[in-house]
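Read off the chains here:
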Amino acid sequence: MILNALTLGFIFALLGFGIFLSFKILNFTDLTAEASFTLGAAISVMLVNLGLPEVGLLLSLFGGALSGFITAFLHQRLGIDKVLSGILTLTAFYTVNLLVTNFSPNFSLSKETRTIFPRNEDLMAFFIAMGFALIVGAFLVFFFRTRLGISIRASGDNEGVIEAHGKSADFYQCFGLMLSNALIALSGALFMQYQRYYDSTFGTGMMIVGVSCIVIGEIFTFKRHSLLLMVIGIILGSLIYRLIYLLVITYTGQPQYMKLVSALAIIAFIVISKSGLLLRLSKRRERHA
Amino acid sequence: MLRIKDLSVTFFKGEAMEKNVLQDLNLEIDEGEFLVVLGANGSGKSTLFNAILGYVPYQGDIELDGRNLNKQKPYKRLKDIGIVYQDPLRGSAPHLNVEENLLLALPKGRKRNEYLAFCKNELSSYGLGLEDNFKSEVHNLSGGMRQALSLFLATVKEPSLLLLDEHTAALDPRASEVVMELTDRIIKNNPKMMTLMIIHNLDLALRYGTRLVVFQDGKVSLDVKGDEKKNLTKEGLAKLYEAS
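Numbering of residues starts from 1 in every chain and runs along the sequence as written. Note on labels: chains are lettered from A, ligands numbered from 1, in written order. Thresholds applied to this predicted model are a pLDDT of at least 70 for local features of residues and 80 or more for the giving and counting of side-chain atom pairs; totals over whole chains, interfaces and linings are not thresholded and use all residues.

**What about the overall build of chain A?**
Next up, step 1: Secondary structure elements are taken from DSSP: a helix is a run of H or I of four residues or more, a strand is a run of E of two residues or more, and numbering for both begins at the N terminus. Helix and strand content of chain A: twelve helices and two strands.
Next up, step 2: Secondary structure elements in chain A, listed N-terminal to C-terminal, are α-α-α-α-β-α-α-α-α-β-α-α-α-α.
Next up, step 3: Note on method: radius of gyration uses C-alpha positions; expected globular size equals 2.2 Å times residues raised to 0.38. Computed over its C-alpha atoms, the radius of gyration of chain A comes to 19 Å, within 12% of the 19 Å expected for a compact globule of 289 residues.
Next up, step 4: Among the 289 residues that make up chain A, the fraction classed as buried is 48%.
Next up, step 5: Intrachain contacts of chain A at a sequence separation of at least 6 include 77% that bridge at least 24 residues. Our exposure labels follow a C-beta count within 10 Å of each residue's own C-beta, placed from the backbone: buried means 20 or more other C-beta atoms, exposed means 12 or fewer, and partly exposed covers the counts in between. Contacts are defined on C-beta atoms placed from the backbone: any two residues whose C-beta positions lie within 7 Å are in contact.

Encoded structure:
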């Protein structure tokens, strides 16, 4: 069960990366996440049923990028508020996701259907999920140090400075939203393939899961803006979140408690993060050393 | 040359009320000219900058080096215009480090390491220690260092026009002096660049500007240059300023 929780933790780390990118780096409260997560799963289940799980992952990336593009278009070209743009895309994509699955709200994969996670090989599934999280995490650390990545970070930090260098801040914001939703959709696609079923309500509540990963992860960054620490923090945050989930299920037997526990966990971790408790402990340890 | 022809900017306050912030303004600035813009708050100085950058709708024409800017988006105008604001954090991305901010201005085709070495060399000549703080996030630097970095970022692309919007106003007197001397040096190193500087300090205006323009109610009420400017004292300027 712990292995299962950790595997899901690595899969949801990708969701955390995506939400971190839009909320923290781009400073864009993007609510598209819940739609792109389901879209990734929907695209993935259709391709898995055709015997093409790898293509399903690839196309889910493009699907997520498209949903991010639409949110950016609504905000930048039509002047719609950031939050409302995300809500409109989220609403529209509920139907789009049903269209992708031919209006089937759920699917269960047969025993013979192949996904990228081998059946009944939990350890292998764990390593595959970990591989995805580490590779994507390493890619993000590298990418955000490239010229394009730095420009995306700067566009969220001070839009004016991007324009001052003769570049369109809209372009970088749009690119960032596409990348963010592509990662979220990939997380949805992996989640579907690991769980071996699809449900059109997969995305519901995913925003809070992603935010939880970030908030929990932030206490490991010691308030530094190091990209590497942030990526590690999100992965750790996601793993801890899934372990908390496992504890709640084990002791209550009721997954419905998780919403309440999520909210309480976020509050607790924010308080810990703001108090700088871990930072003080780390400094004390450095002094003793 | 910067040519501003019949420039008017109107702000609407509610349905019926409107305010003409700039009214039929005509101004020509030659290559290498350092024009200081003086005037009371609300006289239209900053609105002129915002119109040049395309941040406010306006009537009239703005031409830079023979190109009409009217239909260009702000970011396209800023390819040839550098700007430094009063707030030292506006000229850079505060949560990115100095090196990353410098890389935002990396010219196309130029090698990263060679460009950073050039920046380090240039910044070391500023004497503020910026070259030793490449890995520091900008919000952790002093106001003077932030503004020096803003100046560097605004001018490294060798713009034909530099706009300085009270860029020393938020600094302490010592830092203000250092940044102003630095500004003067950068301008002298770019002899073709036109500079427009908004400032309230008459001493600095007289010391550095090659031409002084006073704004009142959206119009130029005084324009002093050449010998007339050279013979002007602070008291004389203050009298003209008050009378304008």
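**Digging into the overall build of chain B**
Next up, step 1: The secondary structure content of chain B amounts to nine helices and ten strands.
Next up, step 2: Taking 2.2 N^0.38 as the reference for a compact globule, 244 residues should give roughly 18 Å; the C-alpha atoms of chain B span a radius of gyration of 18 Å, in line with that estimate.
Next up, step 3: Along the first, second and third principal axes, the C-alpha set of chain B runs to 50 × 40 × 35 Å.
Next up, step 4: Considering chain B as a whole, with its 244 residues, one finds that 41% of them fall into the buried category.

**Looking at helix α2 (residues 33-49) of chain A**
An α-helix turns once per 3.6 residues; consequently, residues spaced three or four apart project the same way.
Next up, step 1: With 17 residues, α2 of chain A extends 24 Å from end C-alpha to end C-alpha; this agrees with the ideal 24 Å at 1.5 Å per step.
Next up, step 2: Across the 17 residues that make up α2 of chain A, a large majority, 15, are buried. A helix is expected to span 1.5 Å for every residue after the first.

**Regarding the nonpolar core**
Next up, step 1: By size, the foremost hydrophobic cluster in this structure holds 147 residues, and its most contacted members are A13, L14, F17, A41 and I234 of chain A together with A148 of chain B.
Next up, step 2: Considering every element that reaches this core, the biggest residue donor is helix α8 (residues 169-195) of chain A, with 16 residues.
Next up, step 3: If sequence neighbours within four positions are ignored, F17 of chain A has contacts with V136, G137, L140, L183 and I234 of chain A. Only buried Ala, Val, Leu, Ile, Met, Phe, Trp, Tyr and Cys residues enter a nonpolar core, and they are joined through C-beta atoms within 7 Å.

**A look at the interface of chain B and chain A**
Next up, step 1: Residue-level contacts link 20 residues of chain B with 16 residues of chain A.
Next up, step 2: Only α2 (74-77) and α3 (98-104) of chain B provide two or more residues apiece to the side of chain B that touches chain A.
Next up, step 3: Think of it as three bins: nonpolar holds Ala, Val, Leu, Ile, Met, Phe, Trp, Tyr, Cys and Pro, charged holds Asp, Glu, Lys and Arg, and polar takes everything else, Gly as well. Tallied by class, residues from the side of chain B that touches chain A come to twelve nonpolar, three polar and five charged.

**Overview of the sheet that holds strand β7 (residues 161-165) of chain B**
All names here are of chain B.
Next up, step 1: Sheet architecture is open: six strands sit in the order β6-β7-β8-β3-β9-β10, paired in mixed fashion. Of all strands in the sheet, those bounded by a partner on one side alone are β6 (81-84) and β10 (219-225). Along the sheet, successive strands turn relative to each other by an average axial angle of 20°, direction set aside.
Next up, step 2: Here strand β3 (residues 34-39) runs beside strand β9 (residues 211-216); their pairing, made up of five bridges, is parallel. When the bridges of β9 are listed, L38 appears paired with V214. Strands are labelled as partners when DSSP assigns at least two bridges between them. As a rule, the C-alpha atoms of each element are fitted with a line to give its axis, helices using only the stretch in contact, and angles between N-to-C directions run from 0 to 180 degrees.

**Observations concerning the environment of M258 of chain A**
All names here are of chain A.
Next up, step 1: With respect to the element layout, M258 can be found in helix α11 (residues 258-275).
Next up, step 2: Judged by the 19 C-beta atoms lying within 10 Å of it, M258 is partly exposed.
Next up, step 3: Considered as a pair, M258 and L247 are eleven residues apart in the sequence and their alpha carbons are 9.9 Å apart.
Next up, step 4: With near-sequence residues (within four places) excluded, M258 lies in contact with Y245 and V248.

**Focus: unusual backbone geometry**
Next up, step 1: In the Ramachandran plot, N27 of chain A falls in the positive-phi region, its phi being about 60° despite a non-glycine side chain.
Next up, step 2: Among the structural elements, N27 of chain A can be located in the loop between α1 (2-25) and α2.

**Quick notes on the pairing of β10 of chain B**
Residue and element names in this part refer to chain B.
Next up, step 1: As paired elements, β9 and β10 share six bridges and run antiparallel to each other. Across the sheet, residue F215 finds its bridge partner in β10, namely V220.
Next up, step 2: Between the antiparallel neighbours β9 and β10 lie two residues, among them D217 with a positive phi of about 50°.

**A word on the packing of helix α9 (residues 206-218) of chain A against helix α10 (residues 227-252) of chain A**
Residue and element names in this part refer to chain A.
Next up, step 1: Across the interface, α9 lies against α10 with an axial gap of 7 Å and an inter-helix angle of 115°. Considering how the two elements wind past one another, α9 and α10 form a crossing that is right-handed. The segment α9 lies against α10, with V209, S212, C213, I214, I216, G217 and E218 engaging G233, I234, L236, G237, S238, I240 and Y241.
Next up, step 2: Residue classes in the contact of α9 with α10 are distributed as eight nonpolar, five polar and one charged. With the far helix as reference, a near helix turned anticlockwise by less than a right angle produces a left-handed crossing, and one turned clockwise produces a right-handed crossing.

**Focus: the packing of α2 of chain A against helix α3 (residues 53-76) of chain A**
When two helices pack together, their arrangement is given by the angle between the helix axes and by the axis-to-axis distance.
Residues and elements named next belong to chain A.
Next up, step 1: Look at α2 against α3: their axes get within 8 Å of each other, and the N-to-C directions meet at 150°. When the axes of α2 and α3 are compared, the pair comes out roughly antiparallel. You can see that α2 and α3 cross each other, and the crossing is right-handed. Here α2 contributes A35, S36, L39, G40, I43, S44, L47 and V48 to the contact with α3, which in turn contributes P53, V55, G56, L57, L59, S60, G63, G64, S67 and G68. For classification purposes, angles smaller than 35 degrees are called roughly parallel, those larger than 145 roughly antiparallel, those between 65 and 115 roughly perpendicular, and all remaining angles oblique.

**Here's the deal with the pairing of β6 of chain B**
If a strand is regular, its side chains alternate between the two faces of the sheet.
All names here are of chain B.
Next up, step 1: Here β6 shows a buried face lined by I81 and I83 and a second buried face lined by G82 and V84.
Next up, step 2: Sheet topology places β6 next to β7; four bridges connect them, and they run parallel. By the bridge assignment for β7, I83 is matched with L163.

**Quick look at the confidence of the model for chain B**
Next up, step 1: Known as pLDDT, the predictor's per-residue confidence is scaled from 0 to 100. In this model, chain B carries an average pLDDT of 89, and 96% of its residues clear a pLDDT of 70 or more.
Next up, step 2: With pTM at 0.87, the complex prediction returns an ipTM value of 0.84.

**Some thoughts on the environment of N27 of chain A**
Next up, step 1: On the basis of neighbour counts, which here come to 15 C-beta atoms within 10 Å, the residue N27 of chain A falls in the partly exposed class.
Next up, step 2: A C-alpha to C-alpha distance of 17 Å links N27 of chain A and L183 of chain A, two positions 156 residues apart in sequence.

**A look at the environment of N158 of chain A**
Next up, step 1: Inspection of the secondary structure assignment puts N158 of chain A in the loop between α6 (147-157) and α7 (159-164).
Next up, step 2: With 132 residues separating them along the chain, N158 of chain A and L26 of chain A place their C-alpha atoms 9.6 Å apart.
Next up, step 3: The residues touching N158 of chain A, leaving out its near neighbours within four places in the chain, are A93 and P94 of chain B.

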